[in-house]
Amino acid sequence: DTAVSQTPKYLVTQMGNDKSIKCEQNLGHDTMYWYKQDSKKFLKIMFSYNNKELIINETVPNRFSPKSPDKAHLNLHINSLELGDSAVYFCASSPAGEKLFFGSGTQLSVL
Amino acid sequence: GQNIDQPTEMTATEGAIVQINCTYQTSGFNGLFWYQQHAGEAPTFLSYNVLDGLEEKGRFSSFLSRSKGYSYLLLKELQMKDSASYLCAVANQAGTALIFGKGTTLSVSS
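When you go through chain B residue by residue, the secondary structure sums to 0 helices and 11 strands. When the helices and strands of chain B are read in sequence order from the N terminus, they spell out β-β-β-β-β-β-β-β-β-β-β. On C-alpha atoms alone, chain B measures out to a radius of gyration of 13 Å, which is about the 13 Å that the 2.2 N^0.38 rule sets for 110 residues. Expressed along its principal axes, the backbone C-alpha trace of chain B runs to roughly 40 × 30 × 20 Å. Taking the intrachain contacts of chain B between residues at least 6 apart in sequence as the baseline, contacts between residues at least 24 apart amount to 55%. Surface exposure of chain B reaches about 5,200 Å², of which carbon and sulfur atoms provide 49%.

Along the polypeptide, Q37 of chain A turns up in strand β4 (residues 31–37). Using a relative accessible area of 5% as the deciding quantity, one classes Q37 of chain A as buried. Within the structure, the side chain of Q37 of chain A is placed 2.8 Å from the side chain of Q37 of chain B, a separation counted as a polar contact.

On to the environment of N57 of chain A. All names here are of chain A. One can find N57 in strand β6 (residues 53–57). Between the C-alpha atom of N57 and that of H77, which follows or precedes it by 20 residues, the distance is 14 Å. Contacts of N57, omitting those with residues within four sequence positions, involve M46 and F47.

Residue and element names in this part refer to chain A. The antiparallel open sheet is built from 4 strands, whose spatial order is β1-β3-β8-β7. At either margin of the open sheet sits one strand with a lone partner, and together these are β1 (4–7) and β7 (64–70). Neighbour-to-neighbour, the strand axes of this sheet turn through a mean angle of 15 degrees, independent of strand direction. Strand direction decides the pairing type here: β7 and strand β8 (residues 73–78), joined by 5 bridges, are antiparallel. Paired with K67 across the two strands is N75, which belongs to β8.

The interface is formed by 17 residues belonging to chain B together with 20 residues belonging to chain A. Of all residues in chain B, T96, F100 and K102 of chain B give up the largest surface area on contact with chain A, accounting jointly for 30% of the area buried on that side. In this structure, the connection of chain B to chain A is made through 0 salt bridges. For the pair chain B and chain A, the number of links is 4 residue pairs in polar contact (both at pLDDT 80 or more). Counting only elements with at least two residues in the side of chain B that touches chain A, the list comes to β4 (32–37) and β10 (98–100) of chain B. The class makeup of the residues in the side of chain B that touches chain A is 10 nonpolar, 5 polar and 2 charged.

With that settled, consider the state of the cysteines. Tallied over the entire structure, the rule returns 2 disulfides over all chains. Paired through a disulfide, C23 of chain A and C91 of chain A show a sulfur-sulfur distance of 1.8 Å. Between C23 of chain A and C91 of chain A, the S-S dihedral sits near -75 degrees, and the bridge is therefore left-handed. In this pair, C23 of chain A sits in strand β3 (residues 19–25) while C91 of chain A sits in strand β9 (residues 87–94), placing the two residues 68 residues apart along the sequence. Summarising the burial analysis for this pair, C23 of chain A and C91 of chain A share the class buried. What pairs with C22 of chain B in a disulfide is C88 of chain B, and their sulfur atoms sit 2.0 Å apart. Residues C22 of chain B and C88 of chain B are joined by a disulfide whose S-S torsion is about -70 degrees; by sign, that bridge is left-handed.

The next thing to look at is the packing of aromatic side chains. For the structure shown, the criterion picks out 16 aromatic pairs over all chains. Ring centres of F33 of chain B and F45 of chain B lie 6.3 Å apart, and the angle between their planes is 70 degrees; this geometry places the pair in the edge-to-face category. Of this pair, F33 of chain B sits in strand β4 while F45 of chain B sits in strand β5 (residues 44–49), placing them 12 residues apart in sequence. Grouped by ring-pair contacts, the aromatic residues Y33, Y35, F90 and F102 of chain A together with F33, Y35, F45, Y48 and F100 of chain B constitute a single cluster. Sitting over the face of the ring of F42 of chain A, K102 of chain B holds its NZ or CZ atom 5.5 Å from the ring centroid.

Conventions and cut-offs
- Residues numbered from 1 in each chain as written.
- Chains lettered and ligands numbered in written order.
- Predicted model: local features only at pLDDT ≥ 70, side-chain atom pairs only at ≥ 80, totals over all residues.
- Heavy atoms only, no water.
- Helix = DSSP H or I, 4+ residues; strand = E, 2+ residues; numbered from the N terminus.
- Rg over C-alpha atoms; globule rule 2.2 N^0.38 Å.
- Contact = heavy atoms within 4.5 Å.
- Areas by Shrake-Rupley, 256 points an atom, 1.4 Å probe, with all protein chains shown as cover.
- Buried < 20%, exposed > 50% of the residue type's maximum accessible area, 1.4 Å probe, protein only.
- Polar contact = N/O pair within 3.5 Å; in protein donor to acceptor, adjacent residues only side chain to side chain.
- Pairing = 2+ DSSP bridges.
- Axes fitted to C-alpha atoms, helices over the stretch in contact; angles between N-to-C directions.
- Buried area = accessible area lost by both parts, 1.4 Å probe.
- Salt bridge = Lys/Arg side-chain N within 4 Å of Asp/Glu carboxyl O.
- Nonpolar A, V, L, I, M, F, W, Y, C, P; charged D, E, K, R; others polar.
- Disulfide = S-S within 2.5 Å.
- Phe/Tyr/Trp six-rings, centres within 6.5 Å; stacked < 30°, edge-to-face > 60°.
- Lys NZ or Arg CZ within 6 Å of the ring centre and 35° of its normal.

Below, the structure is given as structure tokens:
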């Protein structure tokens, strides 16, 4: 029944490591997103994909590489993790121009 | 550029009415959304305005004035469970993303 599911829910890792977060939606939406929510709860767009094509890349370091194998999946790979990458990462999907449905979030802690 | 402003924190008591304001200056506009986010959870959709005026949905209402770049979320008959962050977000012109404000943390006390 889960509409937007992302894994893992928690990710604790050391600086310099590489990690991935997976996201899948079963709503049939064309557009998927990655948002980052920092410790002050500010939710900031990172990437937006429409039908597997990247349409927004909001000045995110190139250590972050999204991959969309099909329109139901949008994964996020992060290389050489830094302390400042610690945050909650939310995947979301929507029909174009309509409300977003969010996944439950991935709490990333870089030590 | 994009700028979305809302108060950082508000407090209110059970049963009261509270209005959370949001002002925006964005390079494009394709609608304004309000989301609710409880601590440790994902944001959930509350309301959407694309035309001027008031949209009412149960205890929650949202208002939009496009000429003033202004919206508010009105919560009536407050309950303890309404303690949460309320996020104002503007859809960009292309409809390809929502740009969020920094959120208003509402604390409801008995």
